[in-house]
Amino acid sequence: MDCSLISLTVSSLLVYLLSRIDLDELMKKDEPPFTFPKTLEEFEYAFNEYGQLRHIKTGELFVFNAREDLHRWNQKRYEALGEIITQYVYELLEKKCNMTKAILPVDATEDEPTSFIYLSPDAMSNPSKLLVLIQGSGVVRAGQWARRLIINQDLDSGTQIPFITRAMEEGYGVMVLNPNENYLEVEKPAMSSPLPSATEPSDEPAEKRERKDDKEGKKKREFYEKYRNPQKETETEQIPIRENGSSEEHVLYVWDHFVSKAAAKNIFIMAHSYGGLSFVELMNQREMQVKNRVCAVALTDSAHNIWLQETSKSTQDWMQQHCCNWVSSPEPLDTPLDPMLPDCPQVSAGTERHELTSWVSFNTIFRFFSEVLECPSSSHHKCLNTHS
């Protein structure tokens, strides 16, 4: 036989055999169990005096690739750390910022899923100023802008703590929303039936009994495989939180039950990324209420789109007068930029990193709020231009 033909045949056979192998599944066979530490101490990490996460023994940054070639295991480990970080930030909100949880829905029954927001002691009673903070989408929860920044940079850049502290120092009441806490995730009940007793008589035909035994044997094998390969994840289902099943629903619900009932004469809103879209949706649903209560809105790399969200001309005009969007850009901080859509003025956030836009704009956002307060209500647009 021609050598070239033999080579081609072997090559084709090799390609065929490789196509029959599920490399992902093969790699999972050697995956360690998805069991991770439950505390920062057990992870051997801690936040230092500068709010930076460091390894307790080596002083090094968090290492994502703890195990080479085990990306999914590394990702699960990162997510486990993220859950601990979430609880850590909650503790900071409660202990450092003296904030308390308000349960949602406000009329929740004992057996239904709930969410919560955080309120400063004077959030509802402060007669002068109220600041409402709305984060973007994803895994971040109340008090966080970006998990990646908390883990890889520091608490100041990744959390809302500096905004809360500064706002309180300047006499604001503060509300911290939690737009991504939309459902309770529960494990699906195992679908299994008890095996018949060995001594239990059966009047089933032998053939049917054998098929049943084969089926039970398969269940046992599957159970063994799951035990041997713990990387197979538990099946779960999501139970939505009533009237808070999405970021948009949450922001609307908190407006109706908290913000609109607050005593503050001047309400300010800061929204990052998808939080900006949720704010615009609030405008679509409660236009007159928002116009009557909100003085100014600071957006950071907002994901809103006035056309896709079918925003009215009157809302667009209001946004031109009362909103400013700090967007990711290579230009210096506060450099005026041409907006893509005719909704609100845009200025540079002084960074090209989306997740950093809130932190880099920190001081200038509070200056913007102060300038709006100092100007007569009829001159907001002029104030915004002066600021820009």
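Preceding this paragraph is the structure being described.
In this report, we go over the structure that sits alongside the text. Bear in mind that the values here come from a model prediction, so they are computed numbers and not experimental data. (Residues numbered from 1 in each chain as written. Predicted model: local features only at pLDDT ≥ 70, side-chain atom pairs only at ≥ 80, totals over all residues. Heavy atoms only, no water.)

## Side note on the packing of aromatic side chains
- Across all of its chains, the model carries 19 aromatic pairs by this definition.
- Where F163 meets F362, the ring centres are 4.8 Å apart and the plane angle is 85°; that geometry is what we call edge-to-face. With a gap of 199 residues between them, F163 in helix α7 (residues 161–169) and F362 in helix α14 (residues 362–374) connect regions that are remote in the sequence. As far as burial versus exposure is concerned, F163 and F362 are alike and both buried.
- Ring geometry for W326 against F368: centres 5.6 Å apart, planes inclined by 65°, an arrangement best described as edge-to-face. With W326 in strand β11 (residues 323–327) and F368 in helix α14, this residue pair connects regions lying 42 residues apart in the sequence. Here W326 matches F368 in class, with each residue buried. (Phe/Tyr/Trp six-rings, centres within 6.5 Å; stacked < 30°, edge-to-face > 60°. Helix = DSSP H or I, 4+ residues; strand = E, 2+ residues; numbered from the N terminus. Buried < 20%, exposed > 50% of the residue type's maximum accessible area, 1.4 Å probe, protein only.)

## Observations concerning the packing of α7 against α14
- Following both chains from N to C, one finds α7 and α14 inclined at 35°, their axes separated by 11 Å at the closest point. Crossing geometry of α7 relative to α14 is assigned as right-handed. Listed contacts from α14 to P162, F163, R166 and A167 of α7 are F362, N363 and F366.
- For the contact of α7 with α14, the class distribution of residues is five nonpolar, one polar and one charged. (Axes fitted to C-alpha atoms, helices over the stretch in contact; angles between N-to-C directions. Left-handed = near helix turned anticlockwise from the far one by under 90°. Contact = heavy atoms within 4.5 Å. Nonpolar A, V, L, I, M, F, W, Y, C, P; charged D, E, K, R; others polar.)

Taken by themselves, the reported measurements are silent on function.
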